[in-house]
Amino acid sequence: MASLLSASNLFALSLIPFLAFLWYAKRSRRFPPLAWWGFAATLVFVLITVVAGAVAQLRFGQQLADVDPLHGGAEAFLTVSNLLVALGFAQAGNRQQGAGKDPGKR
């Protein structure tokens, strides 16, 4: 039972609800496209983090958090994905707010 609950197995299982969320968000056609790409970019962050963690362990014998250049580089992808999500929802909010205004009034 302990091997089923290993960190790598739990990590892999955690991708299932996230992928389901991405599928639903895309299929709903009500999700802001840029925000969807931001959430999808989170998967790129995850992949880069896994690779950077392996490099940190194999090359430097340390965990990723202790190798600043690798850790910072991986975290930069999280920042980019978060910006895409925020910008996507901001655009959608601005569009919705703009659609509710009467262009004849000031």
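As the structure is a computational prediction, the values presented were derived from the model and not from experiment.

A. Molecular detail of the overall build of the chain. The secondary structure content of the chain amounts to three helices and zero strands. In the chain, the succession of helices and strands from N to C terminus is α-α-α. Taken over C-alpha atoms, the radius of gyration comes to 19 Å for the chain, far larger than the 13 Å a tight globule of 106 residues would show. Dimensions of the chain, computed from C-alpha atoms along their principal axes, come out at roughly 65 × 35 × 15 Å. Residue burial in the chain is summarised as follows: out of 106 residues, 19% are buried. Long-range pairs, those at least 24 residues apart, make up 55% of the contacts in the chain with a sequence separation of at least 6. For the chain, the exposed surface amounts to about 8000 Å²; the carbon and sulfur share of it is 66%. Averaging the coordinates of the 9 positive side-chain charges in the chain and doing the same for the 4 negative ones gives two points 22 Å apart.

B. Focus on helix H3 (residues 68-99). With 32 residues, H3 extends 46 Å from end C-alpha to end C-alpha; this agrees with the ideal 46 Å at 1.5 Å per step. Where H3 is concerned, the buried positions are Ala74, Ser81, Val85 and Gly88. If you follow the buried residues of H3, they end up packed against helix H2 (33-60).

C. Up close: the packing of aromatic side chains. Applying the stated criterion across every chain yields a total of six aromatic pairs. For the ring pair Phe21 and Phe31, a centre distance of 5.7 Å and an interplane angle of 80 degrees mean the geometry is edge-to-face. On the criterion of sequence distance, the pair formed by Phe21 in helix H1 (residues 7-28) and Phe31 in the loop between H1 and H2 is long-range, its members being 10 residues apart. For Phe21, a relative accessible area of 30% corresponds to the partly exposed category. Through a chain of ring-to-ring contacts, the aromatic side chains of Phe18, Phe21, Phe31, Phe39 and Phe89 assemble into a single cluster. Here Arg59 stacks its cationic end above the ring of Phe60, 5.5 Å away from the centre of that ring.

D. The environment of Ala92, seen in detail. When you line up the elements, Ala92 lands in helix H3. Spatially, the C-alpha atom of Ala92 lies 36 Å from that of Leu64, the residues being 28 residues apart in sequence.

Cut-off values and rules
Chains are numbered independently. Their residues run from 1 in the order of the written sequence. Totals for whole chains, interfaces and linings use every residue, but because this is a predicted model, local features are given only for residues with pLDDT of at least 70 and side-chain atom pairs only at 80 or more, for both listing and counting. To obtain the side-chain values, all non-hydrogen atoms of the structure were included, while hydrogens and water were left out. Under the scheme used here, helices are H or I runs from DSSP no shorter than 4 residues and strands are E runs no shorter than 2 residues, and both carry numbers assigned from the N terminus. Here the globule rule is a power law, 2.2 Å times the number of residues to the power 0.38, and the radius of gyration is based on C-alpha atoms. We call a residue buried when its accessible area falls under 20% of the maximum for its residue type, exposed when it is over 50%, and partly exposed in between, using a 1.4 Å probe and counting protein chains only. Two residues qualify as a contact provided that any one of their heavy atoms is within 4.5 Å of a heavy atom in the partner residue. Method for areas: the Shrake-Rupley scheme with a 1.4 Å probe, in which residue coverage is limited to the protein chains shown. A positive count includes Lys and Arg, and a negative count includes Asp and Glu. His and the chain ends are not counted in either. To locate a charge, the coordinates of NZ of Lys, CZ of Arg, CG of Asp or CD of Glu are taken. Here the expected span of a helix is defined as 1.5 Å times the quantity of residues minus one. Here is the rule: rings of Phe, Tyr and Trp (six-membered ring for Trp) pair when centre to centre is within 6.5 Å. Planes less than 30 degrees apart are stacked, more than 60 are edge-to-face, and the remainder are tilted. A ring is scored as having a charge over it whenever the NZ atom of a lysine or the CZ atom of an arginine sits within 6 Å of its centre and within 35 degrees of its normal.

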